[in-house]
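Given next are the chains, with one letter for each unit.
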Amino acid sequence: MEPGLEELMPRLLPVGDCDLAEDFDPTVPPRTPQEYLKRVQIEAARCPDVVVAQIDPRKLKKKPTVNISISGCQPAPEGYSPTLKWQQQQVANFSAVRQSLNKHRNHWRSQHLDSNVTMPKSEDEEGWKKFCLGERVYSEIDALSDNENLGIDYLKVGFPPLLSIVSRMNQATVTSVLEYLISWFGEKKFTPELGRWLYALLACLEKPLLPEAHSLIRQLARRCSEVRALEDSKNEEQISALNLIICLVSRYFDQRDLADEPS
């Protein structure tokens, strides 16, 4: 340090010459304030000006790889692209659903849930997948066994997105469950159970969108377009459901670059 800087940076622990015992040992606990301060000064003087940490690169965690796609949606199969009028009508209907949900949210939140309804915790990904899709879809069981009764077993077929359920979900839970279902949909087929919950969660999603939600719904629209393009049987009901989700993401949530071109 330059001598001129000494006056600008006074010692934090100034210790003048003091009478210390001849047997003063800086390695043992200090017995007086003077011994303590002297020991601090000795230790500070031994510290190097520059310290270089020795890091074993083998122990460092690898940085996660994030794949970001900026491409739009794949076009609808020939003859199945929705008209502009149809898209505008779906946006209007969706807007009305959202307004009704917001208006009556407190009422539905106050309603008692049935005794068989136990909502998973927000961070319970597997629990939410089973809750929304049911054991049959989640476990990919094609059909219920013949010996099962005709009553509805929601544990097997999944709980529908009842207003009394979704009204209890805060934005963090809505976003988390949306992420869980989109993750599941990324490797699985589209089902009516999944479609109902995706629609309901989008209806609960508040605007303006948080960055995480913005990324999720764009991912959802792209996945819907991929599944739609690979639909061999041309199931009109399923293609219509996929068209609807793409329409809401692109036109209601203002992701216009993902919108279907009117037929």
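These figures come from a predicted structure and were not determined experimentally.

A. Quick peek at the overall build of the protein chain. Looking only at helices and strands, the protein chain has nine helices and zero strands in total. Taken from the N to the C terminus, the helices and strands of the protein chain come in the order α-α-α-α-α-α-α-α-α. Looking at the 263 residues of the protein chain, the share that counts as buried comes to 33%. Pairs at least 24 apart in sequence give 71% of the contacts found in the protein chain among residues at least 6 apart.

B. Structural detail: helix H7 (residues 192-204). Under the 1.5 Å per step criterion, the end-to-end length of H7 is 19 Å for 13 residues, consistent within 8% with the ideal 18 Å. Listed as buried for H7 are Glu 193, Leu 194, Gly 195, Trp 197, Leu 198, Ala 200, Leu 201, Leu 202, Ala 203 and Cys 204.

C. Looking closely at the packing of helix H3 (residues 125-138) against helix H6 (residues 171-185). Where H3 meets H6, the closest approach of the two axes is 9 Å, and the angle between their N-to-C directions is 45°. It follows that H3 is oblique to H6 by the angle criterion. Two packed elements cross with a definite hand, and for H3 against H6 that hand is right-handed. Contact residues: Glu 125, Trp 128, Lys 129, Cys 132, Leu 133, Val 137 and Tyr 138 in H3; Thr 173, Val 177, Tyr 180, Leu 181, Ser 183 and Trp 184 in H6. For the contact of H3 with H6, a count of residues per class yields nine nonpolar, two polar and two charged.

D. Structural context of the pattern of salt bridges. Taken as a whole, this structure holds seven salt bridges when the rule is applied. When salt bridges with common partners are traced through the structure, they connect Glu 125, Glu 126 and Lys 129 into a single cluster.

E. Broad picture of unusual backbone geometry. For the bond from Lys 207 to Pro 208, the omega torsion is 0°, close enough to zero to count as cis. Relative to the assigned elements, Pro 208 resides in the loop between H7 and helix H8 (211-229). Positive phi values are uncommon outside glycine, yet Asp 254 reaches one of about 60°. Assignment of secondary structure puts Asp 254 in the segment after helix H9 (236-252).

F. Main features of the environment of Lys 130. Along the polypeptide, Lys 130 turns up in helix H3. The spacing of Lys 130 and Val 157 is 27 residues in sequence and 8.9 Å in space, taken between C-alpha atoms. Among residues more than four places away in sequence, those in contact with Lys 130 are Glu 135, Tyr 138 and Gly 158.

G. Local environment of the packing of aromatic side chains. Scanning all chains against the criterion turns up eight aromatic pairs. An angle of 20° between the planes, with centres 4.6 Å apart, marks the rings of Phe 131 and Phe 159 as stacked. Placement of Phe 131 in helix H3 and of Phe 159 in the loop between helix H4 (154-157) and helix H5 (163-166) is noted, with a sequence separation of 28 residues between them. You'll find Phe 131 and Phe 159 in the same group, each marked buried.

Analysis parameters
Along each chain, residues carry numbers from 1 onward, in the same order as the chain's sequence is written. Since the coordinates come from a predicted model, pLDDT governs what is reported: local features require at least 70, and pairs of side-chain atoms require 80 or more to be given and counted, while whole-chain, interface and lining totals use all residues. With hydrogens and water set aside, each side-chain value is computed from the structure's full complement of heavy atoms. A run of H or I in DSSP counts as a helix once it spans at least four residues, and a run of E counts as a strand once it spans at least two, with each numbered from the N terminus. Think of it in three bands: residues with accessible area under 20% of the maximum for their type are buried, residues over 50% are exposed, and the middle band is partly exposed, with areas taken using a 1.4 Å probe on protein chains only. Residues are treated as being in contact if the distance between any of their heavy atoms lies within 4.5 Å. For a helix, the expected span equals 1.5 Å multiplied by the number of residues minus one. Angles shown run from 0 to 180 degrees and are taken between the N-to-C directions of axes, each axis being a line fitted to C-alpha atoms and, for helices, limited to the stretch in contact. Should an angle lie under 35 degrees it is considered roughly parallel, over 145 roughly antiparallel, and from 65 to 115 roughly perpendicular; all remaining angles are considered oblique. Crossing handedness follows the turn of the near helix against the far one: under a right angle anticlockwise gives a left-handed crossing, and clockwise gives a right-handed one. Think of it as three bins: nonpolar holds Ala, Val, Leu, Ile, Met, Phe, Trp, Tyr, Cys and Pro, charged holds Asp, Glu, Lys and Arg, and polar takes everything else, Gly as well. A pair is scored as a salt bridge if a Lys or Arg side-chain nitrogen falls within 4 Å of a carboxyl oxygen belonging to Asp or Glu. Under the pairing criterion, centres of Phe, Tyr and Trp rings, with the six-membered ring standing for Trp, must be within 6.5 Å; the plane angle then separates stacked pairs below 30 degrees from edge-to-face pairs above 60, leaving the rest tilted.

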